[in-house]
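# Structural features, examined
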Amino acid sequence: MMLKLSPLILALLYGFAVYQVSVWRTRRALDRKSTELAEPRLRAVCDKLARALELPRIKVHVYEIAPVNGLAAPDGRIFLTRGFLERYASGAVTAEEIASVVAHELGHVALGHSRRRMVDFSAQNALRTALAAVLSRIIPGFGGMIAAGLARLVAARISRVDEYEADAYASALMIKAGLGTAPQKSLLSKLDNLAGVGGATPAWLMSHPKTEARLKAIEANEAKWLKA
Ligand SMILES: [Zn+2]
């Protein structure tokens, strides 16, 4: 029994170590290449979100990279990329649309997604190792490949569920802050094009479900909340 379990435990430990290193690297990159968001109109909409949450303020950091993205670090800090702020400066996105991104990332933090990813990452490694061991016996040669594919599928599904939850949180917060869901929806519709302009931004597109499906989910939530 011990012998059968040990590859799993090793895989878990390995996954955890790799994750720790990547968290450390990300945090260092974020620290070195970020400043606090100070633009007055963006601060004003963030203050509206803060009031709705009964917080003194919401700190947002600007990450100095070109791709258009927002992210929640595992330590709970919220970042917008310089690329996103440039789209705001050029008038491609509004302050309220930027607020909807901050609200979405706040959702990831509030719902514990950024911290839970640590567990997911280790679990994914373990699952892949266990599946590979089983499948290589059934399908010699391809077992590892199939196992990796399956593990990726599971991870993608988990992250898609997170995105819908963060969207729902953002909708509720935007409504409470008096900003409404219109900016959230209009930004989603612009997102595919925005990401294209920034060049290599597959991360956003990969981790987020299709725009059409997200818009429908937001509208379904609104309909449900209006009835209640
Ligand atoms: Zn997200």
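Residues numbered from 1 in each chain as written. Predicted model: local features only at pLDDT ≥ 70, side-chain atom pairs only at ≥ 80, totals over all residues. Heavy atoms only, no water.

Under the annotation held in an unreviewed UniProt entry, the protein chain carries the name Peptidase, M48 family and is attributed to Limimaricola cinnabarinus LL-001.

A word on the environment of Leu111. In this structure, Leu111 sits in the loop between α4 (95–110) and α5 (113–138). Separated by 54 residues in sequence, Leu111 and Glu165 have C-alpha atoms that sit 8.1 Å apart. (Helix = DSSP H or I, 4+ residues; strand = E, 2+ residues; numbered from the N terminus.)

Describing an aromatic ring pair means giving the distance of the ring centres and the angle of the ring planes. One pass over the structure, following the stated rule, counts 1 aromatic pair. Aromatic pair Tyr63 and Phe79: ring centres 6.3 Å apart, planes at 65°, arrangement edge-to-face. With Tyr63 in strand β2 (residues 60–63) and Phe79 in strand β4 (residues 78–81), this residue pair connects regions lying 16 residues apart in the sequence. Summarising the burial analysis for this pair, Tyr63 and Phe79 share the class buried. (Phe/Tyr/Trp six-rings, centres within 6.5 Å; stacked < 30°, edge-to-face > 60°. Buried < 20%, exposed > 50% of the residue type's maximum accessible area, 1.4 Å probe, protein only.)

Attention now moves to helix α9 (residues 211–227). Helix length check: α9 (17 residues) gives 25 Å between terminal C-alpha atoms against 24 Å at 1.5 Å per residue, within 8%. Listing the buried residues of α9 in full gives Thr211, Arg214, Leu215, Ile218, Asn221 and Glu222. What you see down the axis of α9 is that its buried residues fit within an arc of 125°, all on one side. Exposed residues pointing more than 90 degrees away from the buried face of α9 are listed as Glu212, Lys216, Lys224 and Lys227. (Expected span 1.5 Å × (residues − 1). Arc of directions from axis to C-beta.)

Next up on the list: the side chain of Arg43. Take Arg43: it is sitting in helix α2 (residues 40–52). Not counting chain neighbours up to four residues away, the residues in contact with Arg43 comprise Leu37, Ala38, Arg57, Ile58 and Val60. (Contact = heavy atoms within 4.5 Å.)

Moving on, we get to the sheet that holds strand β1 (residues 34–36). Ordered by their spatial adjacency, 4 strands build an open sheet running β1-β2-β4-β3, and the pairing between neighbours is mixed. Only two strands of the sheet have a single neighbouring strand rather than two, namely β1 and β3 (70–72). Each adjacent strand pair in this sheet contributes to an overall mean axis angle of 30°, direction not counted. Where α4 meets the sheet, its contacts fall on β2, β3 and β4, and the angle it forms with β4 comes to roughly 145°. (Pairing = 2+ DSSP bridges. Axes fitted to C-alpha atoms, helices over the stretch in contact; angles between N-to-C directions.)

Quick look at a positive patch on the surface now. A contiguous patch of positive charge on the surface is contributed by Arg25, Arg28, Arg32 and Lys33. By secondary structure assignment, the location of Lys33 is in the loop between α1 (2–32) and β1. With a relative accessible area of 39%, Lys33 lands in the partly exposed category. (Patch = residues over 30% accessible without salt bridge, like charges linked within 9 Å, V, L, I, M, F, W, Y side chains within 5 Å. Areas by Shrake-Rupley, 256 points an atom, 1.4 Å probe, with all protein chains shown as cover. Salt bridge = Lys/Arg side-chain N within 4 Å of Asp/Glu carboxyl O. Lys, Arg positive; Asp, Glu negative; His and termini not counted. Charge placed at Lys NZ, Arg CZ, Asp CG, Glu CD.)

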